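Examination of the molecular architecture
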Amino acid sequence: MNKSDFPPDSQATLTIDLKAIVENYQNCNHLAGGVECAAMVKADAYGMGIEQVAPTLFHKAGCKNFFVANLAEAIKLRSFTPDAIIYVLNGIFPNHIDYFIRHNIRPVLNDLDQIRLWAEIPSTARPPCAIHFDTGINRLGLSPKETKLFINDTSMRERLDISLIMSHLACSDDRTNPMNAQQLADFTTITRHFPGTPASLANSGGILLGPDYHFDMVRPGLLLFGGNPSNGVMPENIRAAFQITGKILQIRTLEPGQSVGYGATWTASKTCHIATINIGYADGYLQMFNNCGFAYADKTKLAIVGRVSMDMIAVDVTDIKIKTGGDVELLGAHITLEMASEVSTLSQYEILTGVRERYQRIYN
Ligand SMILES: *Cc1c(COP(=O)(O)O)cnc(C)c1O
């Protein structure tokens, strides 16, 4: 079956604005004072499609360094961007080494065993590597003890071709958290032992913490797609790079006392018009939006009423002029990730990467 076998509006739409992603990248670069800006494209480029997003960043924005979580993502990415530098955050296992070499992929090495394993490969065959130092998130990276051992192991260090040293912030979304300054201090100390080796600490939130956090390379993800990574104001010029649009399948007039949806969790208090939209939790629009989400149409913010169903939601359209077949924005420029996160208590990351396949995808 190919695309022309069904009409394009038979599904809800996910529109991805590649130009906005390029411009957000350029603004990240600017916010980071012009240091090297890598792109975080793990999880299918935060659900937006790595096959489209990564080549666009490479060719149109001049992004050369890409990070993914695992080797499978990296090998896929290699086929889309043959000339990019690709790092795998999850580290290496012995049976992965051949693949790293064959596809010219750089591992981020997370402990001394991985470092020894990588150092055993003849240097002529081996891509450069990154070393990840854990400065407090306690997730991946060399522990403080391993960090000391590695710093003092000059012969091991000389055997490796280290293209990047990095660490990751635990609380960059909260600029008032003292852990940021502590991680910065610890990472700065580590960098002094690696003069001349590029260093990287900041994700999107870290970029906004200021120049001390930028080092030689920043690694934004969320900012590229228009999310706000911090509890401060959204940086100027960063905008939503995607829109989720649903279609009205039916509109009903309800009288006071009538309810909407499974569980009858919402009841009309006056006569109102309720539109049923073709998006539900199977599309990634989760039940955390029950009776609290928002939609947007006809220049008006609208309330999601009742429970989110598998394939549908209900929106109160009493105050606007709209007909069956009309389009309603569920996420995008007007209903921002930040707003959606606030009402649902889902993180912006979960909302973004939760976007499912059922949408008709349009890349602009
Ligand atoms: C995901 C990730 C990033 C990007 O984080 P954002 O908050 O989306 O900018 C950067 N560095 C590492 C190690 C990550 O895992």
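Residues numbered from 1 in each chain as written. Predicted model: local features only at pLDDT ≥ 70, side-chain atom pairs only at ≥ 80, totals over all residues. Heavy atoms only, no water.

1. Thoughts on the overall build of the protein
How we decide: Numbering goes from the N terminus for both helices and strands, where a helix is a DSSP run of H or I of at least four residues and a strand is a run of E of at least two. Partly exposed describes any residue whose relative accessible area lies between the buried limit of under 20% and the exposed limit of over 50%, with all areas from a 1.4 Å probe on protein chains only and scaled to the type maximum. Note on areas: Shrake-Rupley, 1.4 Å probe, and residue coverage restricted to the protein chains presented here.
Of regular secondary structure, the protein possesses 13 helices and 19 strands. Expressed along its principal axes, the backbone C-alpha trace of the protein runs to roughly 80 × 50 × 35 Å. In the protein, buried positions account for 52% of the 364 residues. Accessible surface, the protein: about 16,700 Å² in total, of which carbon and sulfur atoms supply 51%.

2. Digging into the packing of aromatic side chains
Just so we agree on the cut-off: Think of it this way: a Phe, Tyr or Trp ring, Trp meaning its six-membered ring, pairs with another when their centres are within 6.5 Å, and the plane angle makes it stacked under 30 degrees, edge-to-face over 60, tilted otherwise.
Enumeration according to the criterion identifies nine aromatic pairs in this entry. On the numbers, 6.4 Å between centres and 45 degrees between planes, the contact of Tyr 46 with Tyr 349 is tilted. Placement of the pair is Tyr 46 in helix α2 (residues 42-46) and Tyr 349 in helix α13 (residues 348-353), with a sequence separation of 303 residues. A relative accessible area of 34% places Tyr 349 in the partly exposed class. An angle of 15 degrees between the planes, with centres 4.3 Å apart, marks the rings of Tyr 285 and Phe 289 as stacked. Of the two residues, Tyr 285 and Phe 289, neither departs from the other in class, the shared state being buried.

3. Quick word on the site of the ligand
To keep it simple, the criterion reads: For this purpose, a residue is taken to be near a molecule or strand whenever a single non-hydrogen atom of the residue falls within 4 Å of it. The term polar contact refers here to a pair of N or O atoms within 3.5 Å; inside protein, the definition further demands a hydrogen-donor-capable atom paired with an acceptor-capable atom, and it admits residues adjacent in sequence only when both atoms are side-chain atoms. Residue type decides the class: Asp, Glu, Lys and Arg count as charged, Ala, Val, Leu, Ile, Met, Phe, Trp, Tyr, Cys and Pro as nonpolar, and the leftover types, Gly among them, as polar.
Around the ligand, the surrounding shell holds 14 residues, and the nearest of these are Lys 42, Tyr 46, Ser 204, Gly 221 and Tyr 349. At 2.5 Å, a side-chain N or O of Tyr 46 approaches an oxygen atom of the ligand. One of the side-chain N or O atoms of Ser 204 is found 2.6 Å from an oxygen atom in the ligand. Surface burial for the ligand is 94%, taken as the share of its 390 Å² of free accessible area covered by protein chains. Residues belonging to the shell around the ligand are distributed by class as follows: seven nonpolar, four polar and three charged.

4. A closer look at the domain arrangement of the protein
Condition: Those domain boundaries reflect an automatic or database domain assignment. Whether two residues touch is decided by their heavy atoms; if any such pair falls within 4.5 Å, the residues are in contact. As used here, buried area is the combined drop in accessible area, with a 1.4 Å probe, of two parts when they are placed together.
Partitioning the protein into structural domains gives domain 1 (18-225) and domain 2 (242-363). For domain 1 versus domain 2, the separation of C-alpha centres amounts to 37 Å. If you look at the interface, domain 1 gives nine residues, while domain 2 gives nine residues. A buried area of about 920 Å², summed over both sides, lies between domain 1 and domain 2, and 71% of it is on carbon and sulfur atoms. Among the residues domain 1 hides against domain 2, the three largest losses belong to Tyr 46, Met 48 and Leu 222. Together they make up 55% of the total.

5. Some thoughts on the environment of Ile 279
Mapped onto the secondary structure, Ile 279 falls in the loop between β14 (272-277) and β15 (294-297). Counting along the chain gives 34 residues from Ile 279 to Thr 245, while the straight-line C-alpha distance between them is 8.6 Å. Ignoring any residue separated from it by four or fewer positions in sequence, one finds Ile 279 in contact with Ala 12, Ile 244, Thr 245, Gly 246, Tyr 285, Asp 311, Met 312, Ile 313, Leu 330 and Tyr 359.

6. Section: unusual backbone geometry
Of note in this structure, Asn 104 is not a glycine but carries a positive phi near 50 degrees. When you line up the elements, Asn 104 lands in the loop between α5 (97-102) and β6 (106-109). Judged by relative accessible area, which is 45%, Asn 104 ranks as partly exposed. If you check the backbone angles, Ala 264 has positive phi at about 45 degrees while not being a glycine. Along the chain, the position of Ala 264 falls in the loop between β12 (259-260) and β13 (266-267).

7. Section: the environment of Glu 36
Relative to the elements of secondary structure, Glu 36 occurs in strand β2 (residues 36-37). Classification of Glu 36 by relative accessible area gives partly exposed; the value is 36%. With 182 residues separating them along the chain, Glu 36 and Val 218 place their C-alpha atoms 6.5 Å apart. If we skip the residues at most four places from it in the chain, Glu 36 touches Asn 65, Asp 216, Met 217 and Val 218.

8. Comments concerning the packing of helix α1 (residues 18-31) against helix α3 (residues 50-60)
Put simply, the rule reads: Lines fitted to C-alpha atoms define the axes here, with helix axes fitted over just the stretch in contact, and angles between the N-to-C directions of these axes take values from 0 to 180 degrees. Orientation categories follow fixed angle ranges, with anything under 35 degrees roughly parallel, anything over 145 roughly antiparallel, 65 to 115 roughly perpendicular, and all other angles oblique. Crossing handedness is read from the near helix: turned anticlockwise from the far helix by less than a right angle, it gives a left-handed crossing, and turned clockwise, a right-handed one.
As a packed pair, α1 and α3 sit with axes 10 Å apart at the nearest point and diverge in direction by 55 degrees. The orientation of α1 relative to α3 falls into the category oblique. Crossing geometry of α1 relative to α3 is assigned as right-handed. Packed against α1, whose contacting residues are Leu 18, Ile 21, Val 22, Tyr 25 and Gln 26, the element α3 presents Gln 52, Val 53, Thr 56, Leu 57 and Lys 60 at the interface. For the contact of α1 with α3, the class distribution of residues is six nonpolar, three polar and one charged.

9. Brief notes about the nonpolar core
Operational definition: To qualify as a nonpolar core, a set must consist of buried Ala, Val, Leu, Ile, Met, Phe, Trp, Tyr and Cys residues joined through side-chain atoms within 4.5 Å.
Membership of the largest hydrophobic core comes to 108 residues, with the highest contact counts inside it found for Leu 57, Phe 66, Phe 67, Ile 131 and Phe 150. In terms of residues, this core owes the most to one element, α1, which gives six residues. Taken domain by domain, the makeup of this core includes at least three residues from each of domain 1 (18-225) and domain 2 (242-363). Setting aside residues no more than four positions away along its own chain, Ile 131 makes contact with Leu 109, Ile 115, Leu 142, Phe 150, Leu 160, Ile 162, Leu 164, Ile 165 and Met 166. By size, the runner-up hydrophobic cluster in this structure holds eight residues, among which are Leu 254, Val 260, Trp 266 and Cys 272.

10. Description of helix α12 (residues 337-344)
Threshold: This arc describes the spread of directions from the helix axis toward the C-beta atoms.
Burial in α12 covers these residues: Leu 337, Ala 340, Ser 341 and Ser 344. Taken around the axis of α12, the buried residues stretch over an arc of 100 degrees, which confines them to a single face. Two residues or fewer past α12, Thr 345 is found with a positive phi of approximately 65 degrees.

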